[in-house]
Amino acid sequence: MSTIFQSLIKKEVLHLVRDFRTVTVVLVMPVVLLLLFGFAISTEVNNVNVAVVVERHTDETRQAIDRLRANPYFTFCGIATHSEVEELLRKGKVDAAVVLRTENGKLTHQIIVDASNTTMAQTSTAYIESVISNSSAGVPVVANTLYNPQLKSAYHFVPGIMGMIFILICAMMTSVSIVSEKETGTMNLLLVSPVRPRTIILGKLVPYFLLSCIILTLVLALSYTVLGLPFSASVVNVVWVTILYIVLALSLGLLISTIASTQVAALLVSGVMFMIPVVLLSGMIFPVENMPLPLQWLSCIIPARWYISAMRVLMIQQLPVGYVLTEVSVLLGMTLAVLALAIKKFNAKK
Amino acid sequence: MMDNMETVISVNGLTKQFGSFTAVDHITLQVGRGEIFGFLGANGAGKTTAMRMLCGLSYPTAGGGTVAGFDIVSQAEEIKRHIGYMSQRFSLYENLTVWENLNLFATIYGMASKDIKSKAEEVFKTLGMENMRNTLVKEIPLGWKQKLAFTAATLHSPDIVFLDEPTGGVDPATRRKFWEMIYRASSQGMTIFVTTHYLDEAEYCSRISIMVDGRIKALDSPARLKEQYCAATMDEVFRIVAKDAKRSD
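Residues numbered from 1 in each chain as written. Chains lettered and ligands numbered in written order. Predicted model: local features only at pLDDT ≥ 70, side-chain atom pairs only at ≥ 80, totals over all residues. Heavy atoms only, no water.

(A) Representation of the overall build of chain A. Counting its secondary structure elements, chain A contains 13 helices and four strands. Relative to the compact-globule value of 20 Å for 350 residues, chain A shows a C-alpha radius of gyration of 27 Å, a clear excess of over 25%. Over its C-alpha atoms, taken along the principal directions, chain A stretches across nearly 95 × 40 × 40 Å. For chain A, with 350 residues in total, the buried portion stands at 46%. Just so you have it, chain A exposes about 17,400 Å², and 65% of that area is on carbon and sulfur atoms. Distance between charge centres in chain A, computed from 24 positive and 18 negative side chains, equals 18 Å. (Helix = DSSP H or I, 4+ residues; strand = E, 2+ residues; numbered from the N terminus. Rg over C-alpha atoms; globule rule 2.2 N^0.38 Å. Buried < 20%, exposed > 50% of the residue type's maximum accessible area, 1.4 Å probe, protein only. Areas by Shrake-Rupley, 256 points an atom, 1.4 Å probe, with all protein chains shown as cover. Lys, Arg positive; Asp, Glu negative; His and termini not counted. Charge placed at Lys NZ, Arg CZ, Asp CG, Glu CD.)

(B) The sheet that holds strand S1 (residues 7-18) of chain B, seen in detail. All names here are of chain B. Taken together, the four strands give an open sheet; going across it, the order is S2-S1-S4-S5, and neighbouring strands pair in antiparallel fashion. Each edge of the open sheet carries a strand with a single partner, namely strand S2 (21-32) and strand S5 (70-71). Here S1 runs beside S2; their pairing, made up of eight bridges, is antiparallel. Of the residues in S2, the one forming a bridge with Gln17 is Thr22. Running over the sheet, helix H1 (residues 47-54) touches S1, S2 and strand S4 (62-67) and is turned about 125° from S1. (Pairing = 2+ DSSP bridges. Contact = heavy atoms within 4.5 Å. Axes fitted to C-alpha atoms, helices over the stretch in contact; angles between N-to-C directions.)

(C) Expanded view of the sheet that holds strand S2 (residues 74-79) of chain A. Residues and elements named next belong to chain A. Taken in spatial order, the four strands make up an open sheet running S2-S1-S3-S4, and their pairing is mixed. Looking at which strands have only one partner, the edges of the open sheet turn out to be S2 and strand S4 (106-113). Strand-to-strand twist of the sheet, defined as the mean angle between neighbouring strand axes without regard to direction, takes the value 25°. Pairing between strand S1 (residues 48-54) and S2: four bridges, direction parallel. By the bridge assignment for S2, Val52 is matched with Ile79. On the sheet, helix H5 (residues 118-133) packs against S1, S2, strand S3 (96-103) and S4 and is oriented at approximately 165° with respect to S4.

Note that every value here comes from positions in space, so none of it alone points to a role or purpose.
Written out as structure tokens, the structure is:
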């Protein structure tokens, strides 16, 4: 029994080692994604080009312009006239224009912004607003950003990327590898042999589980060093919740392999069923709370939603596991249900 | 089958229904030890379904029988230990070497590792494959792959080996060589249960059955079947027997 199991594992490992390209992609992809989202892609708005229209220069308008110039988020593009503003915006020379008026000795302002990129428009409006109106504000507002004091995008993306990577790698690779054995007919040879179905299944899942653990180590090492996520004892919780999620993803892969009969179908199913919903509905990029209600309900059946939300609590807020009990129990329930269904379908050929 | 022969496959009224569709309809047959039994039929006649039941992969809806002395319903797991199976496409792990494939399948069938080594060496010598043992299977020619698939299915010396269209897509010379392998195995007491599309191959079998629409329409030695249907070749016999077939693609 144990030697049969070992030889099945060895076979799978040999396949992985000999399929060098796939393994490289699988190991490099998480690193590239993390670095891309961590550094290159950010939702912070920098280098907003601003022009200012001043109807009548006063001390206050000068001060306002000085503040804009001094602010690192803005690039001051000079003073323009009313008629020039539209032209500048249309040509993309400036992203926003501020019109300063003095009425009855009081400074008022109007912000004209290029809203073809809504994120950019909203954020830069808010920035300009706070910079210009600073002087006239009576009560200063002290903002206190908890858990992510520098508002780093990396903090926001790491859990999302983990949620995506494990579903992709575990579900896609397991399903494709099982279906490819169905296609070549070797699965039939295994089924005809005295090997028990559960040994066949474990022989498939264990190697991919180990591969996922290697990836997990890689992702965590990168997050805590290069991306500078706060390191604390809660990493233990991060690890075991992720392992639960990996097992869930592997079970989903197994389930897909019982439905799909070709490798292409398996790829499509795992791509369409997992990749797209994970990106759009899991809260990885768009907050679940902002979605219309029906989509929020839909997001409840997406494992990544629960995993990502648990990871935000455990990795970023570093709260104890008591705060993610709901998420963990949902994931556990899903794992058991999917695994039971997959095994039932796998054995249902008789 | 001769009367004094030991029976290794014996099924009675074996039936498999999928919903209202009867894939295999009350088939009854006996196969003796060392026989080469040809299992013929058009595509869709129910050959594969019948074979899956004999291999313990699928349970019959009605009827039953024994394979290698074990009941096909209650002792399917025991049957799996005593048979070998070679699939249509000479399935092997393409990314494993010749030796790794043999080792894997022999281990799965419970052979001890030192037996595997000596037996494999023996086979490599007989087949002239000594210099191929570390070649990846995807890199060896189809004819060799076929021999290797047969070897992988028989290295553990099973009582019966099931060959599912073992000569598809192979040139005539290679097919003849393959049949030499089958004869050698049969002469050592192994029972061969083979499905095929090539009716010239049917002539090589001790006995054959012809399946039409889930039923066995003819079952005897090739010589006697030709006599019975007044036909010169098995091809003619097949055409006469299968002329009323409704299911085929």
